Amino acid sequence: MKGQKKGFTIEEDRLLVRAQEIIEKSGTLPDAPVLCDVNGDRLVGVIGERKSAIWLVKNMILQAVTHHSYEELKLVTVYSKREAAQWDWVRWLPHSFDEMRENRFVSSSKSAADALLRELEGVLKQRSMEHREDTVFSPYYLFVFTEMEMAQGQAIMNYLLSEGNNGAGAVFLYDHIHQLPKECNTILEVEAGQGVLFHKQNANIKRKFQIDFFGEKLYEEFARIMAPIRIEGSGAQALLPSCVTFMEVYGVRTPKDFRLARMWKSVRTNESMAVPN
């Protein structure tokens, strides 16, 4: 909310004073969500106290899969075995499967991560070759790395960290800011359930937020509920035809196929052209 700035006046304007009071009181909206635009920023780093950071990233995943179907969003989660209890629940999300639901985009070991990221490297490489300014790739691939070692040396990072749009973004859950890729501009720093969001280019502007904490069981319960969800008529079957001809509407191929006499006898204009009362 913005208003006229108070300047020097001989007589006090009660209405102006009241307006200033309302602006000051309404300057901060309590309990409002803080936006972290992973799609726009593409690379997001989450650092700080580990327990709070894990909670935050888990909440970000919940938010993403709740508002986007598995046809729009693919979730790629790479984590270590020592934190498997925190992340195994993502295996149930339909967003963690490939198009044929034969393989999961989930890895809890270095060897499995190498194979998974090598496969997806081909997808991003192809997209980078097809990239144009107005291209919108679908589905969007959201990568979540919880260990720096899992991402280091991976060829796919050349495409994830590039400036071009390839329909992919990444969240890096590391301990310290110096561990994040230098291309990562958006930072979420957390401590004891509190956090700040800032951009490295404008680090003096920070937005404070509070992490929502849920029960540990909620994440797996949520993922298991979503697991059997299927979108009927998905993919090519869901596309509407660009046009429908007059004869296709009546289910005929040639004008001779029209049975005009029968159509005139069966028509009920008093019903089909009735005007509601």
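One can find the structure itself at the top, above this paragraph.
Everything numeric here is computed off the predicted structure, so don't read it as measured data.

Asks: Help me understand a nonpolar patch on the surface in this model?
Replies: The grouping of V244, F246, V249, Y250, L260, M263, W264 and V267 at the surface amounts to a nonpolar patch, some 880 Å² of accessible area in total. For the nonpolar patch, the secondary-structure elements that each account for two or more residues are α9 (246–250) and α10 (260–266). Summarising the element assignment, F246 is placed in helix α9. Its relative accessible area of 58% is what places F246 among the exposed residues.

Asks: Which parts of the structure should I look at to understand the sheet that holds strand β5 (residues 168–173)?
Replies: Paired through their backbone hydrogen bonds, the strands of a sheet run either parallel or antiparallel. One open sheet holds the eight strands; their spatial order is β3-β2-β4-β5-β1-β6-β7-β8, and the pairing between them is mixed. Only two strands of the sheet have a single neighbouring strand rather than two, namely β3 (106–107) and β8 (202–210). Packed on one face of the sheet, helix α5 (residues 110–130) meets β2 (73–78), β3, β4 (140–145) and β5 and runs near 145° to β4.

Asks: Sorry, what's going on with the nonpolar core here?
Replies: Across soluble globular proteins, nonpolar side chains have a tendency to be buried as a group. Ranked by internal contacts, the top residues of the largest apolar core, which has 36 residues, are I61, W89, L93 and L188. If you list the elements that add at least two residues to this core, you get β1 (43–48), α3 (50–67), β2, α4 (84–87), β4, β5, β6 (186–191) and α8 (216–226). Broken down by element, the residue count for this core peaks at 10 residues, all from α3. In contact with W89, other than residues within four places in its own chain, are K58, I61, L62, Y219, E220 and A223.

Asks: Could you clarify how one ought to interpret the pattern of salt bridges in this entry?
Replies: A side chain of one charge can pair with a side chain of the opposite charge when the charged atoms of the two come close. Across all of its chains, the model carries 10 salt bridges by this definition. One salt bridge connects K58 with E216, and the closest N-O pair in it is separated by 3.5 Å. One end of the pair, K58, is in helix α3; the other, E216, is in helix α8, with 158 residues separating them in the sequence. Accessibility expressed as a relative area gives 2% for K58, which makes it buried. The salt bridge involving R82 is made with E147; its shortest N-O contact spans 2.7 Å. With R82 in the loop between β2 and α4 and E147 in the loop between β4 and α6 (148–151), this residue pair connects regions lying 65 residues apart in the sequence. Assessed through its relative accessible area of 64%, R82 is described here as exposed. Beyond isolated ion pairs, a larger network of salt bridges with shared partners links R50, R82, E83, E147 and D175.

Reading guide: rules and limits
Residues numbered from 1 in each chain as written. Predicted model: local features only at pLDDT ≥ 70, side-chain atom pairs only at ≥ 80, totals over all residues. Heavy atoms only, no water. Patch = residues over 30% accessible without salt bridge, like charges linked within 9 Å, V, L, I, M, F, W, Y side chains within 5 Å. Areas by Shrake-Rupley, 256 points an atom, 1.4 Å probe, with all protein chains shown as cover. Salt bridge = Lys/Arg side-chain N within 4 Å of Asp/Glu carboxyl O. Helix = DSSP H or I, 4+ residues; strand = E, 2+ residues; numbered from the N terminus. Buried < 20%, exposed > 50% of the residue type's maximum accessible area, 1.4 Å probe, protein only. Pairing = 2+ DSSP bridges. Contact = heavy atoms within 4.5 Å. Axes fitted to C-alpha atoms, helices over the stretch in contact; angles between N-to-C directions. Core = buried A, V, L, I, M, F, W, Y, C linked by side-chain atoms within 4.5 Å.

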